[in-house]
Each structure stands twice: as structure tokens, then as C-alpha cells.
Amino acid sequence: MGRANAGKTTILQRVCNSTDKPEIFDGKGNKYFQRGYHDIQNELVFQSNPGFVFHDSCGFEAGSTQQFDQMKQFVADHAVTTRVNERIHAIWFCIPMTDSHRTVTAAEQKFFNECDTGHVPVIVLVTKVDDLYRRAIRELLDGGLTRAEAKERATEKQGELLDKWLGHVKHELEMCKFPPKGYVSLQKMHQEDGDCTLLMECTANVLNEEGLQRLLISTQQSSIGICVKYAVNCTLRNYMTLSLKDRLQVDVKHLEADLLSWFPNCENVSQFVIC
């Protein structure tokens, strides 16, 4: 979710390790060929990783009251459904740094004040952070530095600008009725090797069910390291604790199955749904 040109599709491509556009299906599984029109009911699926199903809203700043109400009803309906493949598991809300002079718009405040997502966590994605690098260069040049000096200090200045604007976003949204559960800043998403590890970890950390954490971690293809981390922290440590505390003998086959459930596998028929 989020305003237009916030880099939403590019992020989804990085998450799914793809440079292709997603295929679009209606709610009944029929392929939809019209592009350029966004209906939040439609499913976006990348062939490189069909385990993820995405729903994309139109840009809020251009949306009508009717579109906002439709989005709100969609979230309400799909947050409570008992069918795991129709249920929304997480919401990524994109705020681009290309518009840092208006980091939190009235439309975004309306979402976080009026849209109760229940147990479905909302994570704010601060996107297009790379634009702050160019802004850092300009500010340093305006401050009297040479271009060589400005380039040398640009990364540090970019970090200062990111901290400033991210702090502003958090301040504004934490005052809303339904604030987000997490924040992630993303950069270099336009590059094919853009790293989504932090996004996956943040999303997993705010999920309220270990089963959903397993589903997300085993579906993502960004980092095998995340699979290892969660397999060790959430499964191996539990087995070790029970073994030491209660002196129980560990069933090796059960332990193996539990550990492998954190890793990608072709037998997983469930899908992780993100709005």
C-alpha cells in the first residue's frame, strides 16, 4: 500500500528475485491481462516465487473516498478469514523519501487513524532512500564543500537525513489510533541485487504466530541465512531447553522435520499473502 510511484512493484520484484512484471489474477484465479489499473481484490503473483501473493492498492493521494472504503473493507474481510490462502498475513505501507518534504500526508494519517487491521501487522517501508544521497550532496555543496569533499561525506550525511525523516515519520504515525508495528528503510531496490533481508526479518518479527513466521521464512528467497537464524533460535533452542529442563530424549526425526520447516520446500502448498 501507499502513494503512487513509491517503488512498490520494484520492492516486490526484489523480494521474489525477479525482473519480470507480476501476473495478475482475479479472486477466482482467472488471469487478468489489463495493466495500469489497480484493484486491491486482484492477486499479483511472480512466477519466480508463486508462494507470495500480493494485493496492490492504488495510490492513496489520488484515491477517492469510495476507493479508500473499498480498501478498508477488503482489509477487514481478509484479516479475519479462516482460509490461510485468502487471509492477509501482513501489510507493507510504502512512504518514499523522494517526497520527504511531505513524508506523512493526510491520506496516510487517515489510513493509520481509521483502518483497524486487527491482528494483521502493518510495517512502514521507507522507500527510495537513495534519493537522500543526492540531497546530501546538494546540501554539502551548498555548505561550501568542494564536490570531492561532498562525495566523501555524502554517505554520512545521507544517514543523518534518513534518521531525521524516519524520526519524523515515526513521530507522526505513533500519534495515530492504529500505528504501524514496525519500520524498515530500503535502498538500492532498483538494483537486481537489492537486499530485502531486513524487510523479511522485520515482517517475521512482528507476526504473532510462529506458524506464520515459518510460512514467511520458508517462502522468501532473499537469504538462506534467515532460515538458519530462525531454525536455530525458534526450534533448536526450544528442543535444547526442553531436553535440559525436563531431561527429555529428543526425537531426531521430529527435530529434523521442525528444522527443515523453516527452509524453502516444494511441498509447501500454502501461500503468504501481503497487502
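Basis of the calculations
Residues numbered from 1 in each chain as written. Predicted model: local features only at pLDDT ≥ 70, side-chain atom pairs only at ≥ 80, totals over all residues. Heavy atoms only, no water. Helix = DSSP H or I, 4+ residues; strand = E, 2+ residues; numbered from the N terminus. Buried < 20%, exposed > 50% of the residue type's maximum accessible area, 1.4 Å probe, protein only. Pairing = 2+ DSSP bridges. Axes fitted to C-alpha atoms, helices over the stretch in contact; angles between N-to-C directions. Contact = heavy atoms within 4.5 Å.

**Student:** Lay out unusual backbone geometry with the relevant residues and their values.
**Tutor:** Phi is positive for Asn17, which is not a glycine, with a value near 50 degrees. Its place among the elements puts Asn17 in the loop between helix H1 (8-15) and strand S1 (23-25). Look at Asn17 and you get partly exposed, because its relative accessible area is 45%. If you check the backbone angles, Lys188 has positive phi at about 60 degrees while not being a glycine. Considering the arrangement of structural elements, one finds Lys188 in the loop between strand S7 (182-185) and helix H6 (197-206).

**Student:** Would you mind going over the sheet that holds S7 in detail, with residue names and values included?
**Tutor:** Read across the sheet, 3 strands follow the order S5-S6-S7 without closing on themselves; strand pairing throughout is parallel. A single partner strand is all that each edge strand has here, and the edge strands are strand S5 (91-96) and S7. The average undirected angle you get between the axes of adjacent strands in this sheet is 25 degrees. Of the strand pairs in this sheet, strand S6 (residues 122-127) and S7 are connected by 4 bridges, and their pairing is parallel. Residue pairing for S7: Val124 is matched across the bridge by Tyr183. Of the strands in this sheet, S5 and S6 touch H1, which is tilted by about 125 degrees from S5.

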